[in-house]
Amino acid sequence: MAYDYDILVIGGGPAGYAGAIRAAQLKKRVLCVERDKLGGICLNWGCIPTKALLSNAHLVELISGHGKKLGFTGQGSWDFSQMIGRSRQVAGQLNKGIEGLFKKYKVASKFGVAKIVGPHEVQVGNEKVTAESIVIATGVHPRSLPGADFDGKTVITSKEAMSLEKQPKSILIIGAGPIGLEFGYFYNTIGTKVTVVEMLDRIVPGEDEEVSQALRKSLEGKGIKILTGSKTTKVEKTAAGVKAEVETPAGKQTIDADLMLVAIGVLGNIDGLFADNVKVEIFKNHIKVDPKKGYVTNIPSIYAVGDVIGPPWLAHVAHHEAVCCIEKICGVSNRTVDYTTIPGCTYTEPGVGSVGLTEKAAREAGHEIRVGKFPFQYSGRALAADETEGFVKLIFDAKYGELLGAHLIGAMATEMISELVVAKKLEATEEEIMHIMHPHPTFSESIMEAAGQGLGESVHI
């Protein structure tokens, strides 16, 4: 059968556009269908514009918190609408960049809602298009809090949180994962009263416990109120905003706020995606695939990658899954993502970067471990920048010296973690990391020092 395209990709986010471009590089006829804007949620409403806002927040904090110490004698001021406007401008610029890449690699695109109506057939609006292979990369949408549906005004998602017309005086954030904490840090820094409620017993619960504790101490020191082990039991919309009843370990509390941002998880974008005759297997609201077979579903011609197939819901994971999937379809590679070397980042200040096993997980896995830890307060570069908060914590197998996990909290944590992802991927040992020459003075020297500290050979602590 002659198909309109070799590969049809549904979704233009980090998985979709990366997969479409890679397929075009491999000389395939490619169509990418996107219902909104190329770049998806990540580029337009997530990863990128939030980092623009966080850069603004860090600048505010640098001037107001470190200014006098660094010799700044003026008084800083800022414009909220200009901050929001700049973040939208950055997103728009990158959106145009993807359009340019599609033209460069001759990727065809259509805008509209896609529905898979057969193993090789997709309907976009009133048009039907055929392809030998279909790759689903439709992403996810925020999970709502029971009893408090999103209205986009007082009960909001991260999308509304980054495009508000005016700065709220107070905001209640449900969920203390990276999204909740990043918005909490941003709004707190520019003067909004922030309360964060987390059902589990600590913030960023997927991180090493020491990192969670250190981040909580830092954020509370900046004025953010954090309630862990707590559950929102009732939400009422009021003339002033929202009123929430929260059960905490210390008893019930009532919290009033202008807005409530809910960041408690996501669900796969699969509603209306399949015709009744297309029986793609679904598991917990995500598409079930076999990564070892190129992310194929139970239907041989249909594949799925990225957030729509489930956690860890990270843009960089989605990108690599898409590339592996396309290369498998095209017969050039049988690679899959190495899920043991996925970096995780939280872009607060101090930031958090991690890869591999936490200390607790390493012990539970039966490893005899050695921990190397180097606080930034002993780093010359951190002292020079007045950014001494945090540490590098490396976890090694005591017998073989293998790097099992790395956990950073500090000013440059989200940049420095890449070095340790490479080290883990290449199975670098404690001794090898310690003897890799790092430039002086840099934040990254702390990695070398942490490895040395575990062996008792660090010279700066």
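Residues numbered from 1 in each chain as written. Predicted model: local features only at pLDDT ≥ 70, side-chain atom pairs only at ≥ 80, totals over all residues. Heavy atoms only, no water.

Trainee: Could you give me a rundown of the overall build of the protein, with the residues and numbers involved?
Mentor: Scanning the protein for helices and strands turns up 13 helices and 24 strands. In terms of overall dimensions, the protein is globule-like: its C-alpha atoms have a radius of gyration of 23 Å, near the 23 Å expected for 461 residues. Taken along its principal axes, the extent of the C-alpha atoms in the protein is 70 × 60 × 45 Å. Sequence separation of at least 24 residues holds for 63% of the intrachain contacts in the protein that already meet a minimum separation of 6. (Helix = DSSP H or I, 4+ residues; strand = E, 2+ residues; numbered from the N terminus. Rg over C-alpha atoms; globule rule 2.2 N^0.38 Å. Contact = heavy atoms within 4.5 Å.)

Trainee: Account for the packing of aromatic side chains, naming residues and giving values.
Mentor: Per the counting criterion, the structure on display carries 4 aromatic pairs. Consider the rings of Phe-80 and Tyr-187, whose centres lie 6.3 Å apart with planes at 40°: the pair is tilted. Taken together, the positions of Phe-80 in helix H4 (residues 80–105) and Tyr-187 in helix H6 (residues 178–189) put the pair 107 residues apart, joining distant regions of the chain. Here Phe-376 and Phe-443 contribute two aromatic rings whose centre-to-centre distance is 6.0 Å and whose plane-to-plane angle is 65°, an arrangement assigned as edge-to-face. Of this pair, Phe-376 sits in the loop between strand S22 (369–375) and helix H10 (380–385) while Phe-443 sits in the loop between helix H12 (430–435) and helix H13 (445–455), and the two are 67 residues apart along the sequence. Exposure class is identical for Phe-376 and Phe-443. Each is buried. In this structure an aromatic cluster arises from ring pairing among Phe-80, Phe-186 and Tyr-187. Of note, Arg-88 hangs over the ring of Trp-45, and the distance from its end group to the ring centre comes to 3.8 Å. Lys-373 extends its terminal NZ or CZ atom over the ring of Phe-391, reaching a point 4.3 Å from the ring centre. (Phe/Tyr/Trp six-rings, centres within 6.5 Å; stacked < 30°, edge-to-face > 60°. Buried < 20%, exposed > 50% of the residue type's maximum accessible area, 1.4 Å probe, protein only. Lys NZ or Arg CZ within 6 Å of the ring centre and 35° of its normal.)

Trainee: Hey, could you go over the state of the cysteines for me, with residue numbers and the actual values?
Mentor: According to the stated counting rule, one finds 1 disulfide in the structure shown. Cys-325 provides the cysteine sulfur closest to Cys-324, a residue in no disulfide bond, and the two sulfurs are 8.8 Å apart. On the basis of relative accessibility, which here comes to 3%, the residue Cys-324 falls in the buried class. Cys-330 forms no disulfide, and the closest cysteine sulfur to it belongs to Cys-325, at a distance of 9.0 Å. (Disulfide = S-S within 2.5 Å.)

Trainee: Now, about unusual backbone geometry: what can you tell me, with residues and values included?
Mentor: Between Pro-311 and the following residue, Pro-312, the backbone shows a cis peptide bond with an omega angle of 20°. Topologically, Pro-312 is positioned in the loop between strand S19 (302–304) and helix H8 (315–329). Cis geometry is adopted by the peptide bond preceding Pro-441, which originates at His-440 and carries an omega value of -5°. With a phi close to 30°, Val-204 is a non-glycine residue in the positive phi region. Structurally, Val-204 is set in the loop between strand S10 (193–197) and helix H7 (209–221).

Trainee: Account for the nonpolar core, with residues named and values stated.
Mentor: In a soluble, globular protein the nonpolar side chains are often hidden away together inside. By size, the foremost hydrophobic cluster in this structure holds 54 residues, and its most contacted members are Ile-116, Ile-136 and Ile-287. Those residues within four positions of Ile-116 in sequence are excluded, and the remaining contacts are Ile-10, Glu-121, Val-122, Ile-134, Ile-136, Leu-273, Phe-274, Ala-275, Val-278 and Ile-302. Counting residues in hydrophobic clusters, the runner-up holds 35 residues, among them Ala-161, Met-162, Leu-164 and Phe-391. (Core = buried A, V, L, I, M, F, W, Y, C linked by side-chain atoms within 4.5 Å.)

Trainee: Tell me about the pattern of salt bridges, and please be specific about residues and values.
Mentor: The final tally for this structure, using the stated rule, is 19 salt bridges. The salt bridge partner of Arg-335 is Glu-327, with a shortest N-O separation of 2.8 Å. Judged by its relative accessible area of 8%, Glu-327 falls in the buried class. Here the residues in one salt-bridge network are Asp-208, Glu-210, Glu-359, Arg-363, Lys-373 and Lys-393, joined through shared partners. (Salt bridge = Lys/Arg side-chain N within 4 Å of Asp/Glu carboxyl O.)

Trainee: Any chance you could break down the sheet that holds strand S14 (residues 251–257) for me, citing the residues and the numbers?
Mentor: With antiparallel pairing, the 3 strands of this open sheet are ordered in space as S12-S13-S14. Looking along the sheet, the strands with just one partner apiece sit at the ends: strand S12 (231–237) and S14. Taking the axes of each pair of neighbouring strands and ignoring which way they run, one obtains an average angle of 20° across the sheet. As paired elements, strand S13 (residues 242–248) and S14 share 7 bridges and run antiparallel to each other. The partner of Glu-245 across the bridge, within S14, is Thr-254. (Pairing = 2+ DSSP bridges. Axes fitted to C-alpha atoms, helices over the stretch in contact; angles between N-to-C directions.)

Trainee: Which residues make up the packing of helix H3 (residues 47–66) against H6, and what values do they have?
Mentor: In contact at an axis separation of 9 Å, H3 and H6 are set at 40° when each is read in the N-to-C sense. Taken together, the axes of H3 and H6 are oblique relative to one another. The chirality of how H3 crosses H6 is left-handed. Contacts between H3 and H6 involve Thr-50, Lys-51, Leu-53, Leu-54, Ala-57, His-58, Val-60 and Glu-61 from the first element and Glu-182, Phe-183, Tyr-185, Phe-186 and Thr-189 from the second. A class-by-class count of the residues in the contact of H3 with H6 yields 7 nonpolar, 3 polar and 3 charged. (Parallel < 35°, antiparallel > 145°, perpendicular 65-115°, else oblique. Left-handed = near helix turned anticlockwise from the far one by under 90°. Nonpolar A, V, L, I, M, F, W, Y, C, P; charged D, E, K, R; others polar.)

Trainee: How would you explain the pairing of strand S15 (residues 259–262) if you had to name every residue and give the values?
Mentor: Side chains of S15 alternate between two faces, with Leu-259 and Leu-261 and Met-260 and Val-262 buried alike. Pairing of strand S8 (residues 155–156) with S15 involves 2 bridges; the strand directions are parallel. Bridge pairing links Val-155 to Met-260 in S15. Across 4 bridges, strand S9 (residues 170–174) lies against S15 in parallel orientation. What sits directly across from Leu-172, in S15, is Met-260.

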